[in-house]
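What follows is the residue order along each chain.
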There are 2 protein chains.
Amino acid sequence: MSPETQATFRALADPTRRAILQTLTAGERTIAEVAGDFDMTRAAVKKHLTVLSDGGLITVTPRGRERLNRLNPKGFAPVRDWLSFFDQFWDDRLDALKTAIEEDDTHD
Amino acid sequence: MSPETQATFRALADPTRRAILQTLTAGERTIAEVAGDFDMTRAAVKKHLTVLSDGGLITVTPRGRERLNRLNPKGFAPVRDWLSFFDQFWDDRLDALKTAIEEDDTHD
DNA sequence: CTTATATGATACTTTTTGGTATCATGTAAA
DNA sequence: TTTACATGATACCAAAAAGTATCATATAAG
């Protein structure tokens with residue numbers, strides 16, 4: 001598996017980080033702004049933002065002495081792709097089941 | 001967020017556990033059989049299976065002195081649902097962009 | 001320039017996690 | 001019943017993760 005995929009799943013494992021992603025749907029936020037929504041120090045929030053960035057889920061752009069954090073839609077692809085593997089698997093199983101029923105001479 | 005969702009994302013955070021899920025696409029497996037595919041003790045694999053079960057990603061059914069572990073397609077729903085929240089968000093943003101362009105009188 | 005502020009960086013603590021080893025228990029087989 | 005085997009359970013260890021506190025640095029504002 002790609003290290004990229006691991007970083008993404010790792011980033012999503014923490015409830016605070018998933019909550020941060022949801023707050024960012026409202027638009028870009030500086031580190032201090034994001035920290036304002038959570039009951040922990042700015043340093044802790046910054047760590048979470050770093051993990052989210054490592055996982056490709058957000059992008060960080062400097063603006064003066066601030067850092068703007070925003071969602072990176074493309075970063076969700078590894079999760080979607082991973083899920084689609086199982087979707088495909090289940091679709092195939094369903095098709096096989098249908099075929100088996102259709103070819104089954106014992107049904108009346 | 002539901003504790004269920006947290007347990008699911010937590011279960012997916014470990015590469016060994018994601019690999020176990022993939023091996024189970026080939027069909028149900030006992031604990032010992034799953035352990036045979038990995039370079040760690042059976043006890044360690046069993047722990048991973050417990051985490052996967054807690055996350056609803058597999059079901060475990062006793063058969064004699066064995067435990068059959070199999071994929072639980074429904075267990076993936078929390079992840080799919082969580083992703084769909086962002087998909088919806090991005091769809092809306094795209095729609096808004098389209099509308100803005102269509103209503104923009106300044107384009108020639 | 002001086003000061004205030006947003007962030008970077010480091011060190012440290014506590015908790016969680018992934019793993020091993022060991023022994024107990026329940027079921028199958030002889 | 002006796003033995004073998006698959007699993008359950010517990011204790012323990014090491015590494016990673018989550019969080020805090022503190023200080024350094026860079027930029028905006030006066």
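Refer to the structure above for everything that follows.
Residues numbered from 1 in each chain as written. Chains lettered and ligands numbered in written order. Predicted model: local features only at pLDDT ≥ 70, side-chain atom pairs only at ≥ 80, totals over all residues. Heavy atoms only, no water.

So, the overall build of chain A: which residues are in play, and what are the values?
The number of helices and strands found in chain A is five helices and three strands. Going residue by residue from the N terminus, the α and β elements of chain A occur as α-α-β-α-α-β-β-α. Here the C-alpha atoms of chain A give a radius of gyration of 21 Å, more than 25% beyond the 13 Å that 2.2 N^0.38 yields for 108 residues. With the C-alpha coordinates of chain A rotated into their principal frame, the extents come out at 75 × 25 × 20 Å. Of all 108 residues assigned to chain A, the portion counted as buried reaches 39%. Within chain A, contacts between residues at least 6 apart in sequence are counted, and of these 51% link residues at least 24 apart. When the accessible surface of chain A is totalled, it reaches about 6,500 Å², and 51% of it is carbon and sulfur. With 15 positive and 18 negative side-chain charges, chain A shows a spacing of 19 Å between the two charge centroids. (Helix = DSSP H or I, 4+ residues; strand = E, 2+ residues; numbered from the N terminus. Rg over C-alpha atoms; globule rule 2.2 N^0.38 Å. Buried < 20%, exposed > 50% of the residue type's maximum accessible area, 1.4 Å probe, protein only. Contact = heavy atoms within 4.5 Å. Areas by Shrake-Rupley, 256 points an atom, 1.4 Å probe, with all protein chains shown as cover. Lys, Arg positive; Asp, Glu negative; His and termini not counted. Charge placed at Lys NZ, Arg CZ, Asp CG, Glu CD.)

An account of the nonpolar core is needed here, citing residue identities and associated values.
Among the nonpolar cores identified, the biggest contains 48 residues, and A:Leu21 and B:Leu21 are the most heavily contacted of them. In this view, B:Leu21 contacts A:Trp82, A:Phe86, B:Leu12, B:Leu52, B:Leu57, B:Ile58, B:Leu71 and B:Phe76; residues no more than four positions away in its chain are not counted. (Core = buried A, V, L, I, M, F, W, Y, C linked by side-chain atoms within 4.5 Å.)

So what about the packing of helix H2 (residues 15-23) of chain B against helix H4 (residues 42-54) of chain B? Which residues, and what values?
Residue and element names in this part refer to chain B. In the contact formed by H2 and H4, the axes pass within 10 Å of each other and the chain directions differ by 80°. The angle between the axes of H2 and H4 places the two elements in the roughly perpendicular class. Between H2, through Thr16, Arg17, Ile20 and Leu21, and H4, the contact on the second element is made entirely by Val45, His48, Leu49, Val51 and Leu52. Residue classes in the contact of H2 with H4 are distributed as six nonpolar, two polar and one charged. (Axes fitted to C-alpha atoms, helices over the stretch in contact; angles between N-to-C directions. Parallel < 35°, antiparallel > 145°, perpendicular 65-115°, else oblique. Nonpolar A, V, L, I, M, F, W, Y, C, P; charged D, E, K, R; others polar.)

Mind laying out the protein's contact with DNA strand D, listing which residues take part and the relevant values?
Surveying the vicinity of DNA strand D reveals 19 residues, the closest of which are A:Thr41, A:Lys47, A:His48, B:Ala32 and B:Arg67. For DNA strand D, the fraction of protein-proximal atoms (within 4 Å) that sit in sugar or phosphate groups is 64%. Between DNA strand D and the protein, one listed contact pairs a phosphate oxygen with a side-chain N or O atom of A:Asp14 at 3.4 Å. Of all the secondary structure elements, the ones that give two or more residues to the surface near DNA strand D are helix H4 (42-54) of chain A together with helix H3 (31-36), H4 and strand S3 (66-71) of chain B. Residue contributions to the surface near DNA strand D peak at four residues, all from H4(A). Each residue belonging to the surface near DNA strand D can be placed in one class, and the counts come to five nonpolar, four polar and 10 charged. (Near = heavy atom within 4 Å. Polar contact = N/O pair within 3.5 Å; in protein donor to acceptor, adjacent residues only side chain to side chain.)

Break down the interface of chain B and chain A for me, with residues and values.
Contact with chain B, which involves 23 residues of that partner, is made by 23 residues of chain A. In total, about 2,500 Å² of surface goes out of reach between chain B and chain A, with carbon and sulfur atoms giving 72% of it. If you sort the residues of chain B by the area they bury against chain A, B:Arg18, B:Trp82 and B:Trp90 come out on top, with a joint share of 24%. Put simply, A:Arg80 and B:Asp87 hold a salt bridge, and the shortest N to O gap is 2.5 Å. The interface formed by chain B and chain A contains six residue pairs in polar contact (both at pLDDT 80 or more). Of all the elements in the fold, those that place two or more residues in the side of chain B that touches chain A are helix H1 (3-12), H2 and helix H5 (77-102) of chain B. Counting residues per element, the side of chain B that touches chain A draws most heavily on H5(B), which supplies nine residues. For the side of chain B that touches chain A, the class distribution of residues is 16 nonpolar, four polar and three charged. (Buried area = accessible area lost by both parts, 1.4 Å probe. Salt bridge = Lys/Arg side-chain N within 4 Å of Asp/Glu carboxyl O.)

Can you tell me about the sheet that holds strand S1 (residues 29-30) of chain B, naming the residues and giving the values?
Residue and element names in this part refer to chain B. In spatial order, the strands read S1-S3-S2; together these three strands make up an open sheet with antiparallel pairing. Across the chains shown, the open sheet's two edge strands, defined by having one partner strand only, are S1 and strand S2 (58-63). Two strands pair when backbone bridges link them, and S2 and S3 are joined in this way by six bridges, in the antiparallel orientation. Looking at S3, one finds that isoleucine 58 is bridged to leucine 71. (Pairing = 2+ DSSP bridges.)

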